[in-house]
Amino acid sequence: MSKLTIKEIEEELDKCTKCKLCEEVCSIFLFTKKFTPYDKLKVVKEIFQNSQKPDNWETVFLCTKCEACDYICPEKIPLTKIVDEGRKTCVEKWGIQYPRQKVITQNILDTGNPFANSESRTAWLDKELAKKSKNLLHLGCMISYTNSKMGKSIINVLEKLGVDFTISPEEFCCGYFVYNTGNHKVAKQIIERNSIEFKKYEQIITACAGCYTFIKEHYDLNNQLKHVIEIIFEKIQNKKIDPSIKRKLAIFLDSCHLTRPHGIIEPPRVILEKMGYELKEFDLTKEKGLCCGADGGMRIIKIDFALEMGKNRLEKAIEKSNTIFTLCPFCIHNLKEAAQTFAIDIQIKDIFEELDKILP
Ligand code: SF4
Ligand code: SF4
């Protein structure tokens, strides 16, 4: 969690040639025509320099942290890291916190999850798992408390593929939300707490893309970290699947957190093709793919923005297929709500659930 200095931010600002390539992949800019990635650089500089918060401070919170601007920028300006620094400075200098952000942060500290749910994370599980294993499956808060269907499917698929794993009763929020909304001090406490538990295992398998990127980038772990799709990809190579579903078209929405920073692009596509789907691609896809709108705390900061971005993804998807697949619990959640809000008739499917249905 290294801190950028004002000098470093000025140097990055000087590098910007105003080529505007980042606008073309920024989901926020594409529908607001405002809040460009390079605008954020200027705003962060003001946030760093001013003693009073600048009028345009909110610009740094209007970002899904999808990292598309980092990927496309020819000058390699680390825009997302600069946004993180801007948010952190807003929190530390002026105590800026959105009302739900405050509540959610407190919920996490009190109960280990954003929903203040005091039930076990696997209250929905209808079977016994191994009590001990060298591999820890970290489900994440979204799957544990909002998508037990996805949780059950992941567990079933791992078992069918012969993966040895356990889930810890000590599982706690990874700190991703708290960090993303600028509260780096609390995120550090959470990282320290979880690291003690993680270090008991040889391998951590995350079910959620957000947990994966956060743990990979902010935890200092010796153990190997994998996203569950990588494990399934490795194990399924030699498995014969005889799909009972009819071969049909589908489109896959990449998770920002797996593609751009970590290059996990082919595994879900190969698995879907093995399941019998013929895949279509968005015009902007893979590393250039647009965000579903849910991320970077956007559903807490501005739910209407999150849903508009979700609507855009669904409208683009439906031009090519009436079935959209994702593997991320945040994407599923936001896309389903966008489909309902804007009455878009499309099937939103979870890759794990469909795989569980056809795997023997
Ligand atoms: S991280 Fe994504 S949403 Fe944020 S400024 Fe960059 S492209 Fe836009
Ligand atoms: S892509 Fe990079 S150099 Fe070009 S406008 Fe955006 S931040 Fe500036």
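Residues numbered from 1 in each chain as written. Chains lettered and ligands numbered in written order. Predicted model: local features only at pLDDT ≥ 70, side-chain atom pairs only at ≥ 80, totals over all residues. Heavy atoms only, no water.

**A short note on the site of ligand 1**
So the rule is basically this: Residues are classed as near a molecule or strand on a simple rule: at least one heavy atom within 4 Å of it. Each residue is assigned to one of three groups, with Ala, Val, Leu, Ile, Met, Phe, Trp, Tyr, Cys and Pro labelled nonpolar, Asp, Glu, Lys and Arg labelled charged, and all others, Gly among them, labelled polar.
Every residue lining ligand 1 is accounted for by Cys-26, Ile-28, Pro-37, Lys-40, Cys-63, Thr-64, Lys-65, Cys-66, Glu-67 and Cys-69. Of the residues in the shell around ligand 1, the class split is 6 nonpolar, 1 polar and 3 charged.

**Some words on the domain arrangement of the protein chain**
Short version of the rule: Residue ranges for the domains originate in an automatic or database domain assignment. The contact definition used throughout considers only heavy atoms, calling two residues in contact when any of these lie within 4.5 Å. Summed over both partners, buried area is the accessible surface (1.4 Å probe) that two parts give up on being assembled. Salt bridges are identified by distance alone: a Lys or Arg side-chain nitrogen within 4 Å of an Asp or Glu carboxyl oxygen. Nitrogen and oxygen atoms within 3.5 Å of one another constitute a polar contact, given that in protein one can donate a hydrogen and the other can accept it, and given that sequence-neighbouring residues count only through two side-chain atoms. A run of H or I in DSSP counts as a helix once it spans at least four residues, and a run of E counts as a strand once it spans at least two, with each numbered from the N terminus.
As far as domains go, the protein chain holds domain 1 (6–94), domain 2 (100–234) and domain 3 (237–358). Taking the mean C-alpha position of each, domain 1 and domain 3 sit 27 Å from one another. Taken together, the contacts link 20 residues of domain 1 with 18 residues of domain 3. Buried area between domain 1 and domain 3, summed over both chains or domains, comes out near 1500 Å², and the portion from carbon and sulfur atoms is 74%. Sorting the residues of domain 1 by area buried against domain 3 places Phe-31, Thr-64 and Tyr-71 first, and these three jointly supply 33% of that buried surface. Counting across the domain 1 and domain 3 interface gives 0 salt bridges. For the pair domain 1 and domain 3, the number of links is 4 residue pairs in polar contact (both at pLDDT 80 or more). Listing elements by their share of the side of domain 1 that touches domain 3, those giving two or more residues are helix 2 (27–32) and helix 4 (68–72). Ranked by the residues each element gives to the side of domain 1 that touches domain 3, the list is headed by helix 2, at 5 residues. Residues belonging to the side of domain 1 that touches domain 3 are distributed by class as follows: 12 nonpolar, 3 polar and 5 charged.

**So, the packing of aromatic side chains**
To keep things clear, this is the line we draw: Pairing of aromatic side chains requires ring centres within 6.5 Å, counting the rings of Phe and Tyr and the six-membered ring of Trp. Pairs whose planes differ by under 30 degrees are stacked, by over 60 edge-to-face, and all others tilted. Throughout this description, buried means an accessible area under 20% of the type-specific maximum (1.4 Å probe, protein chains only), exposed means over 50%, and partly exposed covers the range between. We count a charge as sitting over a ring when the NZ of a lysine or the CZ of an arginine lies within 6 Å of the ring centre and within 35 degrees of the ring normal.
All chains considered together, the criterion is met by 12 aromatic pairs. Between Phe-31 and Phe-305, the ring centres sit 5.1 Å apart and the planes meet at 80°, which makes this aromatic pair edge-to-face. Note that Phe-31 is positioned in helix 2 and Phe-305 in helix 16 (residues 303–318), a separation of 274 residues in sequence. What makes Phe-31 partly exposed here is its relative accessible area of 32%. Taken together, a centroid distance of 4.9 Å and an interplanar angle of 70° make the contact between Tyr-277 and Phe-325 edge-to-face. Taken together, the positions of Tyr-277 in strand 5 (residues 277–280) and Phe-325 in strand 6 (residues 323–326) put the pair 48 residues apart, joining distant regions of the chain. With a relative accessible area of 0%, Phe-325 lands in the buried category. Ring pairing ties together the aromatic residues Tyr-176, Tyr-179, Phe-198, Phe-214, Tyr-219 and Phe-330, which thus form one cluster. The aromatic ring of Phe-305 is capped on one face by Lys-302, whose charged end is 5.6 Å from the ring centroid.

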